[in-house]
Amino acid sequence: MSNTVLVTGGAGYIGSHACVELLQAGYSVVVVDNLENSKIESLNRVQQITGKTLTFFQADIRDKAALATIFTKENISSVMHFAGLKAVGESCEQPLKYYHNNVYGTMVLLDAMTEANVKQLVFSSSATVYGTNPQVQYTEDLPIGAVNPYGRTKAMVEQILIDMSDSDKLKPTQTPWKIALLRYFNPIGAHESGLIGEDPNGIPNNLMPYVTQVAIGKLQQLSVFGDDYPTPDGTGVRDYIHVVDLAKGHVKAIEALQSEKFGEGGCKAYNLGAGLGYSVLELIQAFEKMTGRKVNYKIAPRRAGDLPEYYADPGLALKELNWNVEKTLDDMVADTWNWQVKNPQGYN
Ligand code: NAD
Ligand code: UFG
């Protein structure tokens, strides 16, 4: 059987780390990416880290003909689907752009997969699909309630994938869908080589890249959004996960899809998080201690739409995917800093 994985969005932050882990685990890798939010240099670096080659197609996943060509040319057995837009604020300003890319793009991909009879899929979902819940440690059975258009694209795609899988029960099929919905918590960090990492365009929205750019002097001051939350130090608490641990979770998911566990098909959600919550101030302190740099920050008003606190219950991923995080917050900080210092202008 072919062991070739099509990685959509493989030139991006998480996708490039997944390519490294796939190549190192012995898979062949084909990447499709339109480079809307990434640079091809990331894939050169993936090859440098692994000493292996991958195949790259520059194309949009909404381009049916391009996808058909890829599935015809390459002997693909499964798909990791990272391609998508991810900026929450932009999704509120331009919702259609998000629905078109994330939802319609996935539908085109699913058509191409169906046509090629490739039925194994790992989907990049997000903890954002949970919305507001009374409990702060999230289990996969909590109700879905995304609160912004970006989150709703993830929730919608999850529902489409569940429906695709359910439809197998109603018709005879030789090849049932086998789908893992991976709900990431807050991915940060970079590959320990310092060759690949997060290279955000413009001013970052997320905490870790903002902290790094303040520490290196690119940005003046970090705003800590709120210190009056009902959390131990009043700042927001999140479950930060090292991007390499996250990437390894994807390889574990592919292995599970190919194993007995998914023998009869199905679509299942898994939280990928550490199961620990750190506050904004704790992250800043860890960063200052590790790098010896001061992070200039001020307390600012709460950011609209932010929840006070949540973190993963990663128990199901441990039980069914045999996956758990290996890296600590200090590793996340050290690897982010290593990447930043070695690549002050990102991939440019
Ligand atoms: P990223 O922007 O670095 O990577 C996404 C990649 O997809 C980019 O290389 C981009 O050029 C490509 N892409 C976008 N639209 C495309 C299209 N229509 N056709 C082809 N390629 C396209 O983002 P990331 O942080 O690596 O995130 C990867 C996935 O994980 C996304 O689906 C994102 O929503 C999801 N996710 C990310 C986070 C996070 O905090 N980074 C959290 C939860 C979920
Ligand atoms: N924060 C600040 N200052 C900043 C940026 C963030 O104080 O400049 C705080 C936020 O208020 C929050 C914490 O840092 O308490 C983390 O914020 P991020 O923007 O880094 O991450 P979010 O938890 O808001 O969201 C991220 C991704 C979403 C994804 C979600 C999944 O941006 O796309 O994780 O849990 F859905």
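The structure displayed is predicted, hence computed values, not measured ones.

Asker: With reference to specific residues and values, describe the pairing of strand S3 (residues 55–58).
Answerer: Note: strand S2 (residues 28–33) against S3, four bridges, orientation parallel. Pairing of Val32 across the sheet is with Phe57, part of S3. This β-α-β element, S2 to helix H2 (residues 41–50) to S3, shows right-handed connectivity.

Asker: Could you give me a rundown of the pairing of strand S4 (residues 76–81), with the residues and numbers involved?
Answerer: Taken across its six residues, S4 has six buried, putting it largely inside the fold. In the sheet, strand S1 (residues 4–8) pairs with S4 via five bridges, with the strands oriented parallel. Of the residues in S4, the one forming a bridge with Val7 is Met80. Pairing between S4 and strand S5 (residues 120–126): three bridges, direction parallel. Bridge pairing links His81 to Phe123 in S5.

Asker: I'd like to hear about the site of ligand 2, residue by residue, with values.
Answerer: Near ligand 2 there are 21 residues, and of these Ser126, Asn206, Ser223, Arg238 and Asp306 occur at the shortest range. Between ligand 2 and the protein, one listed contact pairs an oxygen atom with a side-chain N or O atom of Arg303 at 2.8 Å. Expressed as a share of its isolated accessible area of 690 Å², the protein-covered part of ligand 2 is 90%. Looking at which element gives the most residues to the shell around ligand 2, the answer is strand S9 (residues 222–225), with four residues. Here the shell around ligand 2 is composed, by residue class, of eleven nonpolar, seven polar and three charged.

Asker: Please provide a residue-by-residue account of the packing of aromatic side chains, values included.
Answerer: With the rule as written, the count across this model stands at six aromatic pairs. These aromatic residues form a ring-pair network of at least three members: Tyr130, Tyr138, Phe185 and Tyr310.

Asker: Kindly report on the site of ligand 1, identifying the contributing residues and their values.
Answerer: Every one of the 27 residues lining ligand 1 counts as a neighbour, but Asp33, Asn37, Ser38, Asn101 and Tyr150 are closest to it. For ligand 1, an oxygen atom lies 3.3 Å from a polar atom in the backbone of Gly12. Computed on the free molecule, ligand 1 has an accessible area of 830 Å², of which 95% lies beneath the protein chains in the complex. Within the residue set of the shell around ligand 1, elements represented by two or more residues are helix H1 (13–24), S5 and helix H6 (149–167). Broken down by element, the shell around ligand 1 gets its largest block of residues, three residues, from S5. Its residues assigned to classes, the shell around ligand 1 shows eleven nonpolar, ten polar and six charged.

The rules we used
Starting from 1, residues in each chain are numbered consecutively following that chain's sequence as written. To read the labels, note that chains go from A and ligands from 1, taken in the order they are written. Predicted model: local features are reported for residues with pLDDT of at least 70 only, side-chain atom pairs are reported and counted for 80 or more only, and whole-chain, interface and lining totals are derived from all residues. Where side-chain values are given, they derive from all heavy atoms of the structure, hydrogens and water being excluded. Note on pairing: two strands pair once DSSP finds at least 2 bridges between them. Strands are runs of DSSP state E lasting at least 2 residues, helices are runs of H or I lasting at least 4, and numbering of each runs from the N terminus. A clockwise path from the first strand over the helix to the second, with the strands pointing away from the viewer, defines a right-handed crossover. Classification of residues uses two cut-offs on accessible area relative to the type maximum, computed with a 1.4 Å probe and protein chains only: under 20% is buried, over 50% is exposed, and between them is partly exposed. Any residue with a non-hydrogen atom lying within 4 Å of a molecule or strand is treated as near it. Here a polar contact is taken to be a pair of N or O atoms separated by no more than 3.5 Å, where protein atoms must pair a possible hydrogen donor with a possible acceptor and residues adjacent in sequence count only if both atoms sit in side chains. With residues, only the protein chains shown are counted as cover, and all accessible areas are computed by Shrake-Rupley using a 1.4 Å probe. Amino acids outside the nonpolar list (Ala, Val, Leu, Ile, Met, Phe, Trp, Tyr, Cys, Pro) and the charged list (Asp, Glu, Lys, Arg) are all regarded as polar, and Gly is one of them. Pairing of aromatic side chains requires ring centres within 6.5 Å, counting the rings of Phe and Tyr and the six-membered ring of Trp. Pairs whose planes differ by under 30 degrees are stacked, by over 60 edge-to-face, and all others tilted.

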